[in-house]
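So you can see what is in the structure, the chains are spelled out below.
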Amino acid sequence: MKVTVVGAGAVGASCAEYIAMKNFAAEVVLVDIKEGFAEGKAMDLMQTASLNGFDTKITGTTGDYSKTAGSKVAVITSGIPRKPGMTREELIGINAGIVKDVTENLVKHSPDVIIIVVSNPMDTMAYLVHKTSGLPKNQIIGMGGALDSARFKYRLAEALECPISDVDGMVIAAHSDTGMLPLMSKATRNGVPVTEFLSDEKRAYVEEETKVGGATLTKLLGTSAWYAPGAAVSVMVQAILCDHKKMIPCSLMLDGEYGESDICLGVPAIIGANGVEKIVEISLTDAEKEKFATAAKAVREVNGDLKF
Ligand code: NAI
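Residues numbered from 1 in each chain as written. Predicted model: local features only at pLDDT ≥ 70, side-chain atom pairs only at ≥ 80, totals over all residues. Heavy atoms only, no water.

As recorded in an unreviewed UniProt entry, the protein chain goes by the name Malate dehydrogenase, listed as coming from Kaistella daneshvariae. The protein chain has a UniProt comment under Sequence similarities (unreviewed entry) that states "Belongs to the LDH/MDH superfamily." (UniProt positions renumbered as here; feature names shortened; annotations may be inferred.)

Shown next as structure tokens:
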């Protein structure tokens, strides 16, 4: 099956590399607006095929969407990333126009495509794709929770001084520094609640470091991260192409779930061949419900800046 990745920059190229390395897709088409850039990234990646042992064909194009025709999944990573000190919300002005234009081109050539939205501010960009693409809501998935949950697990393992494979945890709500909700009450170490091992101070540390995980990296790198975002997207693409029916927190259009409607927010969902197979409603504590509602309010305000 064919996968299109729009934006051959840091995240797009990393995501194409992880998809190819896992060898589950027949073809990855990279699209970029910068002349020759996607073609160059595709060629460089293809020259790793014999070294890394994959058969996925990677091609690149400068904006010729006819090459993307018949894609099962398309990933939108085109747009500008934030610089140190910026919030994701500040990117809306430039990225909304890019995401809308890219979506129209994708749907024109692949009317049944499942779109994974990565460009920031992601919850609002996912909402924009819902409002402009005409696709059914199970076919539009925002990537935030998969990455934020990986960052949560990294910080949990650090605080517990244990291997990352021992811990499990999930982040829901908004993909923003203030709106992320790491579900400490549900996090486990080898099946045992982490609340049994972590002091209040350590819990607060893990929650805070998870929420500012992207900002911390942006400060260190001078631009936003790409390895973990690329890997997170590849897990979602694989869940669709291989019909894993895997529970992954994603930004989805809500219709009453978690008390919210007409908004894209991070919630756990079963991801498989049809895209979103089911939104999973887990029980939240009263404090978590309140944080979810506060995050929704903030995302709704950003959505208000969109012009369709
Ligand atoms: P980048 O600058 O390395 O790459 C973006 C690419 O998009 C560039 O190559 C650019 O030429 C291309 N582009 C711009 N307009 C285009 C158009 N109309 N058509 C096709 N290509 C176009 O940026 P990076 O680091 O890859 O980040 C991409 C986006 O992903 C940013 O908005 C960033 O904030 C977001 N992001 C989201 C994450 C998430 O968890 N949802 C995580 C990391 C980044």
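Visitor: Would you explain the UniProt feature "domain: Lactate/malate dehydrogenase N-terminal" (unreviewed entry) in the protein chain in this entry?
Guide: Sequence positions flagged by UniProt for "domain: Lactate/malate dehydrogenase N-terminal" (unreviewed entry) are, in local numbering, residues 1-142. End C-alpha to end C-alpha, residues 1-142 measures 21 Å, and it is 40% helix and 20% strand. (Helix = DSSP H or I, 4+ residues; strand = E, 2+ residues; numbered from the N terminus.)

Visitor: Would you mind going over the packing of aromatic side chains with me for this structure?
Guide: One pair of aromatic rings is described through two measures. These are the centre distance and the angle between the planes. Considering all chains together, one arrives at two aromatic pairs under this definition. Against the face of Phe37 rests Lys34, its NZ or CZ located 3.9 Å from the ring centre. Sitting over the face of the ring of Phe197, Arg189 holds its NZ or CZ atom 5.2 Å from the ring centroid. (Phe/Tyr/Trp six-rings, centres within 6.5 Å; stacked < 30°, edge-to-face > 60°. Lys NZ or Arg CZ within 6 Å of the ring centre and 35° of its normal.)

Visitor: I would appreciate a short explanation of the pattern of salt bridges in the present structure.
Guide: Close approach of charged atoms allows side chains with opposite charge to pair. Using the criterion set out here, one finds twelve salt bridges in the structure. One salt bridge connects Lys67 with Asp64, and the closest N-O pair in it is separated by 3.7 Å. Across the pair Lys245 and Glu277 runs a salt bridge whose closest N-O atoms are separated by 3.0 Å. A residue pair is termed long-range when its members are at least 10 positions apart, and Lys245 in the loop between helix H9 (227-241) and strand S12 (246-255) and Glu277 in strand S14 (residues 275-279) qualify at 32 residues. Taking relative accessible area as the criterion, Lys245 reaches 43% and is therefore assigned partly exposed. Taken together, the shared-partner salt bridges in this structure form one network comprising Arg82, Arg88 and Asp177. (Salt bridge = Lys/Arg side-chain N within 4 Å of Asp/Glu carboxyl O. Buried < 20%, exposed > 50% of the residue type's maximum accessible area, 1.4 Å probe, protein only.)

Visitor: I keep staring at unusual backbone geometry and nothing clicks. Help me out?
Guide: Phi is mostly negative for residues that are not glycine, and the peptide bonds are mostly trans. Note that the residue after Asn120, namely Pro121, is joined by a cis bond; omega there is -5 degrees. As for its position among the elements, Pro121 is in the loop between strand S5 (114-117) and helix H5 (122-133). Phi is positive for Ala173, which is not a glycine, with a value near 75 degrees. Secondary-structure assignment places Ala173 in strand S8 (residues 171-173). On the basis of relative accessible area, Ala173 is assigned to the buried category, the value being 4%. For Lys245, which is not a glycine, the phi torsion comes out positive at approximately 50 degrees.

Visitor: How should the packing of helix H6 (residues 145-160) against helix H7 (residues 200-211) be read in this particular structure?
Guide: Think of two packed helices as two axes; the pair is described by the angle between the axes and how far apart they sit. With their axes 9 Å apart at the nearest point, H6 and H7 run at an angle of 150 degrees to one another. Remark: the crossing between H6 and H7 carries right-handed chirality. Here Asp148, Arg151, Phe152, Arg155, Leu156, Glu158 and Ala159 of H6 come into contact with H7, specifically with Lys202, Tyr205, Val206, Glu209 and Thr210. Residues belonging to the contact of H6 with H7 are distributed by class as follows: five nonpolar, one polar and six charged. (Axes fitted to C-alpha atoms, helices over the stretch in contact; angles between N-to-C directions. Left-handed = near helix turned anticlockwise from the far one by under 90°. Contact = heavy atoms within 4.5 Å. Nonpolar A, V, L, I, M, F, W, Y, C, P; charged D, E, K, R; others polar.)

Visitor: Quick question: what am I supposed to make of the pairing of S14 here?
Guide: As judged from the four bridges shared by strand S13 (residues 261-272) and S14, these two strands associate in the antiparallel manner. In the strand pairing of S14, Ala269 is matched with Ile279. The loop that links S13 with its antiparallel partner S14 comprises two residues. (Pairing = 2+ DSSP bridges.)

Visitor: Can you walk me through the site of the ligand in this structure?
Guide: The immediate surroundings of the ligand are formed by 28 residues, with Ala10, Val11, Asp32, Ile80 and Met143 found nearest. In the model, an oxygen atom of the ligand is placed 3.4 Å from a nitrogen or oxygen of the Gly79 main chain. One of the side-chain N or O atoms of Asn95 is found 3.2 Å from an oxygen atom in the ligand. When isolated, the ligand has an accessible area of 860 Å², and the protein chains bury 89% of it. For the shell around the ligand, the elements supplying multiple residues, two or more each, are helix H1 (10-22) and helix H4 (92-109). Looking at the shell around the ligand, the element that brings in the most residues is H4, giving three residues. In terms of residue class, the shell around the ligand is built from 16 nonpolar, ten polar and two charged. Residue contributions to the shell around the ligand reach at least three from each of two domains, namely domain 1 (2-143) and domain 2 (144-304). (Near = heavy atom within 4 Å. Polar contact = N/O pair within 3.5 Å; in protein donor to acceptor, adjacent residues only side chain to side chain. Areas by Shrake-Rupley, 256 points an atom, 1.4 Å probe, with all protein chains shown as cover. Domains from an automatic or database assignment.)

Visitor: How do you make sense of the nonpolar core when you look at a structure like this?
Guide: A general feature of soluble globular proteins is that nonpolar side chains tend to end up buried together. Ranked by size, the top nonpolar core spans 57 residues in total, and within it Leu30, Val75, Ile116, Ile141, Val237, Ile271 and Phe292 carry the most contacts. If one sorts the elements of this core by residue count, H9 sits on top with seven residues. Looking at which domains feed residues into this core, each of domain 1 (2-143) and domain 2 (144-304) supplies at least three. Excluding residues within four positions of it along the chain, Ile271 makes contact with Ile141, Met236, Ala239, Ile240, His244, Lys245, Lys246, Ile248, Cys250, Val276 and Glu277. (Core = buried A, V, L, I, M, F, W, Y, C linked by side-chain atoms within 4.5 Å.)

Visitor: Would you mind going over the UniProt feature "active site" (unreviewed entry) in the protein chain with me for this structure?
Guide: Feature annotation in UniProt assigns "active site" (unreviewed entry) to the following positions: His175. For His175, a relative accessible area of 8% puts it in the buried group. Setting aside residues no more than four positions away along its own chain, His175 makes contact with Arg88, Asn120, Met122, Asp123, Gly144, Leu147, Asp148 and Met180. One polar contact links His175 to Arg88, side chain to side chain, over a distance of 3.2 Å.

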